[in-house]
Amino acid sequence: MRILVVEDEPSIATFITEGLNDAGYATDHAADGAEALYWAGIAEYDVIVLDVMLPDTDGLLVCAALRARGIAAPVLMVTARDAIDDRVAGLDSGADDYLVKPFAFAELLARIRALLRREPVFRGLVLQMADLTLDTVSRVVRRGDQTITLTSKEYSLLEFLLRHPNQTLTRTAIAEHVWNYDFDNVSNLIDVHIFGLRRKIDDAYQLKLLHTVRGVGYRLSSEGG
């Protein structure tokens, strides 16, 4: 899952982006409103974490501009303002949730997971295909009764595939959601991680779920290649 963090305070931006990266998310960082609108215009994000107080504009205006452009990614507003009127203003500008500073990073992760669960394909806590399950809270992956240990990037890749079942996902689409622009030769990285993921979730099982669509990308399906 790919997240845009809009925060002008360097220490807070580093705290959030490094924490999200460690949790397996791909992150991009914008230091002001103009940069946020630029990033949102060239990449598709699953969640946008948006600070209200920005050096060049108000985060509320940025949120409203995102919605005016038809960008539907869930927006989590982050601010030191705790008044009810401020929360109402944030939600009315198009935000989906509101988090007041200072906050525990665990709460930030929980709110991001809640926003991701609002996707129309899956609204529950557990993503499933056949006997493969992924618990988005505990981050436990199982195939039948067997627990499968994944790296953070393998987990993110599997989550993205499970959120788009039976769809052929191009390498570009996968790169845009699971990696960010800091990586070179992303296509090779994707192939390497797909190989590792397939070995863990498919090799020992008769029903194969992860399929290669030659020349296009990959598909997670219980209906065969």
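If you're wondering where the values come from, they're calculated on a predicted model, not measured in any experiment.

## With respect to the nonpolar core
Judged by nonpolar contacts, the single largest core of 45 residues is most densely connected at Leu20, Tyr25, Ile112, Leu158, Ile174 and Leu220. For this core, the two domains that each supply at least three residues are domain 1 (2–117) and domain 2 (126–220). When residues no more than four places from it in sequence are discounted, the contact partners of leucine 220 are Met129, Leu158, Leu161, Leu162, Pro165, Asn166, Gln167, Ile201, Leu209 and Leu210. Counting residues in each nonpolar core, the second largest holds 23 residues, with Val6, Trp39, Tyr45 and Ala73 among its members.

## Things to note about the pairing of strand β2 (residues 26–30)
With 4 of 5 residues buried, β2 lies mostly within the body of the structure. By the bridge criterion, 5 bridges tie strand β1 (residues 2–6) to β2 in an arrangement that is parallel. Residue pairing in the sheet places arginine 2 in a bridge with alanine 26 of β2. In terms of handedness, the path from β1 via helix α1 (residues 10–22) over to β2 forms a crossover that is right-handed.

## What about the pattern of salt bridges?
Across all of its chains, the model carries 11 salt bridges by this definition. Between glutamate 7 and lysine 101 there is a salt bridge, with its nearest N and O atoms 3.2 Å apart. Residue glutamate 7 is located in the loop between β1 and α1, and its partner lysine 101 is located in the loop between β5 (97–100) and α5 (105–116); the two are separated by 94 residues in the primary sequence. Overall, the relative accessible area of 3% leaves glutamate 7 in the buried class. Two residues, aspartate 97 and arginine 111, come together in a salt bridge whose shortest N-O distance is 2.9 Å. Of this pair, aspartate 97 sits in strand β5 while arginine 111 sits in helix α5, and the two are 14 residues apart along the sequence. In the salt-bridge network here, residues are joined through shared partners; they are Glu7, Asp51 and Lys101.

## Digging into the packing of helix α6 (residues 152–162) against helix α7 (residues 171–178)
In the contact formed by α6 and α7, the axes pass within 10 Å of each other and the chain directions differ by 120 degrees. When the axes of α6 and α7 are compared, the pair comes out oblique. For the pair α6 and α7, the sense of crossing is right-handed. Residue-level contacts link Lys153, Ser156, Leu157 and Phe160 of α6 to Ala173, Ile174, His177 and Val178 of α7. Of the residues contributing to the contact of α6 with α7, the split by class is 5 nonpolar, 2 polar and 1 charged.

## Structural notes on the domain arrangement of the chain
The accessible area lost on association of the parts is a frequent measure of interface size. In terms of domains, the chain is made up of domain 1 (2–117) and domain 2 (126–220). Between domain 1 and domain 2, the C-alpha centre-to-centre distance is 26 Å. Taken together, the 16 residues of domain 1 in the interface contact 15 residues of domain 2. For the pair domain 1 and domain 2, the two sides together bury roughly 1,300 Å², of which 39% comes from carbon and sulfur. Scanning the region where domain 1 abuts domain 2 turns up 0 salt bridges. There are 5 residue pairs in polar contact (both at pLDDT 80 or more) connecting domain 1 and domain 2. Taken together, the elements giving at least two residues each to the side of domain 1 that touches domain 2 come down to β2, α2 (33–42) and α5. With 3 residues, the single largest contributor to the side of domain 1 that touches domain 2 is β2. For the side of domain 1 that touches domain 2, the residue count by class is 7 nonpolar, 2 polar and 7 charged.

Rules behind the numbers
Residues numbered from 1 in each chain as written. Predicted model: local features only at pLDDT ≥ 70, side-chain atom pairs only at ≥ 80, totals over all residues. Heavy atoms only, no water. Core = buried A, V, L, I, M, F, W, Y, C linked by side-chain atoms within 4.5 Å. Buried < 20%, exposed > 50% of the residue type's maximum accessible area, 1.4 Å probe, protein only. Domains from an automatic or database assignment. Contact = heavy atoms within 4.5 Å. Helix = DSSP H or I, 4+ residues; strand = E, 2+ residues; numbered from the N terminus. Pairing = 2+ DSSP bridges. Right-handed = clockwise from strand over helix to strand, strands pointing away. Salt bridge = Lys/Arg side-chain N within 4 Å of Asp/Glu carboxyl O. Axes fitted to C-alpha atoms, helices over the stretch in contact; angles between N-to-C directions. Parallel < 35°, antiparallel > 145°, perpendicular 65-115°, else oblique. Left-handed = near helix turned anticlockwise from the far one by under 90°. Nonpolar A, V, L, I, M, F, W, Y, C, P; charged D, E, K, R; others polar. Buried area = accessible area lost by both parts, 1.4 Å probe. Polar contact = N/O pair within 3.5 Å; in protein donor to acceptor, adjacent residues only side chain to side chain.

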